[in-house]
Amino acid sequence: MSAKDRIQLSDHFTYRRLFAFVLPTIANMIFLSIYGIVDGLFISNFVGKVAFAAVNVTFPIFSVLGVFGLMIGTGGAAIIGKNLGEQESEKANGYFSFFVYICIAVGIVMAVLGVFILRPAIEIIGVEERMVRDCMVYGIIGMITVPCYMLQFLFQILFVTAEKPRLGFWITVIAGLANIVLDFFMIVVFHWGVAGASIATGISEVVGGIVPLIYFSRPNDSLLRIGRPRVEFRALRKACTNGLSEFVSTISESVVTMLYNFQLLRLAGADGVAAFGVMQYCTFIFFAVFAGYNMGVQPLFSYNFGADNRVEMKNLFKKSMILMEGGGLMMFAILVIFARPLVSIFIGYDAGLVDMSVHGMRIYALIFITCGINIFVTGMFTALNNGVVSAFIATVRVVICEIGSVMILPIFFGLNGVWFSASVAEVGSIIPVIIFVVTLRKRYGYAD
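These figures come from a predicted structure and were not determined experimentally.

This paragraph deals with empty space enclosed by the protein. Taken as a whole and judged by the stated rule, the model has three cavities of 30 Å³ or more. Space inside the second largest cavity adds up to approximately 110 Å³. Lining the second largest cavity are Phe59, Phe62, Tyr138, Gly142, Thr145, Val146, Tyr149, Ser198, Thr201, Gly202 and Glu205. When contributions to the lining of the second largest cavity are tallied by element, the ones reaching two or more residues are α2 (49–85), α4 (129–143), α5 (146–161) and α7 (193–217). Counting residues per element, the lining of the second largest cavity draws most heavily on α7, at four residues. Counted by class, the lining of the second largest cavity contains five nonpolar, five polar and one charged residues.

Laid out in structure tokens, this is it:
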């Protein structure tokens, strides 16, 4: 892309220009979700539904361990973007380097910790005995690349801040293709089962984490480069505070997923866990669209907040709200109409499991009516360096509403109560979202 055509953080964004800027990040997240989906397809169709359920039980543990990369990435991007908006590029690069080094160090600690907590964690969830071996094999192998998994999250966000979202996308494409090809050989050709799936995922995480590390460590034409760190633990604390909503959301969602699995094992056994896993895989791409848009637009809010450009912030806010709600309604319709063919891709070999999953999917799809706005507003306050508000919204959304729903609703509605839990939680969390958007609009200038 020529310098003339390059989209910058300081630009005015029409719908067309906004799409062009966030599209690589959305594509990035979609591609990440696709190669996660491919894992599920290969495991379910070539290893079996018990192994499929075991992987779905284990995966939330990785989300808990890797959340620091997401937190420091989103929270740090807000600080770096604000400094770039204030024309403090040297300061921004110092913070960038510091956050990368911290992420690597914490990743190593988390990998070691993960080895020790894996067995107790799956025992607490109450997995069936026939699932334990697959859980342990998938988990222990996966712990080796947890530092790269964290770096992958970190760089996904900071590629956008560096005005290089397309490069971030292509690195994700390469990592994803590596995962898909290796899945085929290790699961289908070599019959390595869940061990092969975990090795394939680990290699893709090495590509997604180490290649950006090399790129930013060398001279490049982006806004950022790894060099001498600006060691300020006050800035680290601020980054963690800014990214607290992502930390709370990811930790809580992982805990919620474990609670879902606990309830499903109690109410429907391994089939219930497999059905929920299928629903999650079918909706990964839709959530990826929201997450990708959120990551893509956050640096724009941070930059314009630093530059005190309230006109552009109003423009971005209005367009984002329209896109989030319109997209959510479209996703809801797609999932209701195409639930059966989507589910059958994963478990077409089991008619009873297909029926259970289709029924659950059509209820679960209600989540998309409001979750796009909730995700966007939470991310916007992170970008505006108000991690306290975004963390509060995330806490209400996941910790209070969703955990409360998944524990209470099944008492009265059985399995249907599990499927309704997520949508009930999203409706409940729209209330604090509206309150904060209205009360803080003049303070930050994103609305009149």
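So, about the environment of Met279. You can see Met279 is positioned in helix α9 (residues 244–306). Take Met279: its relative accessible area is 0%, and that puts it in the buried class. Between the alpha carbons of Met279 and Trp419 there is a distance of 9.9 Å; along the sequence they are 140 residues apart. Apart from residues no more than four positions distant in its own chain, Met279 is found in contact with Ser357, Gly360, Met361, Tyr364 and Trp419.

Turning our eyes to something else, we now look at the pattern of salt bridges. On inspection of all chains with the given rule, the structure shows 11 salt bridges. A salt bridge links Lys164 to Asp221; the nearest nitrogen and oxygen atoms lie 2.9 Å apart. Pair noted here: Lys164 is in the loop between α5 and α6 (165–189) and Asp221 is in the loop between α7 and α8 (233–242), with a separation of 57 residues, a long-range link. Take Lys164: its relative accessible area is 18%, and that puts it in the buried class. According to the relative accessible area criterion, Asp221 is partly exposed, its value standing at 49%. A salt bridge links Arg310 to Asp308; the shortest N-O distance between them is 3.8 Å. Owing to a relative accessible area of 34%, Arg310 belongs among the partly exposed residues under this scheme. A relative accessible area of 58% means that Asp308 is categorised as exposed. Each of Lys49, Asp271 and Asp350 takes part in salt bridges that share partners, so that together they form one network.

Conventions adopted
- Going along each chain's sequence as written, the residues are numbered from 1 onward.
- Local features in this predicted model are restricted to residues of pLDDT 70 or higher, and side-chain atom pairs are both shown and tallied only at a pLDDT of 80 or more, whereas totals for entire chains, interfaces and linings draw on every residue.
- Computation of side-chain values covers all heavy atoms of the structure but excludes hydrogens and water.
- Here a cavity is any set of points on a 1 Å grid over the protein atoms alone where a 1.4 Å probe fits but cannot get out, and a pocket is any open set with protein on both sides within 12 Å along at least 5 of 7 lines; a residue lines the site when it has an atom within 4 Å of a point.
- Grid points are joined across faces, edges and corners, and a volume is the space filled by probe spheres set on the points.
- Each helix is a run of DSSP H or I of at least 4 residues and each strand a run of E of at least 2, with the numbering of both proceeding from the N terminus.
- In this classification, the charged set is Asp, Glu, Lys and Arg, the nonpolar set is Ala, Val, Leu, Ile, Met, Phe, Trp, Tyr, Cys and Pro, and all remaining amino acids, among them Gly, are polar.
- The classification of residues rests on relative accessible area computed with a 1.4 Å probe and restricted to protein chains. Under 20% of the type maximum is buried, over 50% is exposed, and intermediate values are partly exposed.
- Every residue pair with non-hydrogen atoms within 4.5 Å of one another is taken to be in contact.
- Note on definitions: salt bridges are taken to be side-chain nitrogens of Lys or Arg within 4 Å of carboxyl oxygens of Asp or Glu.

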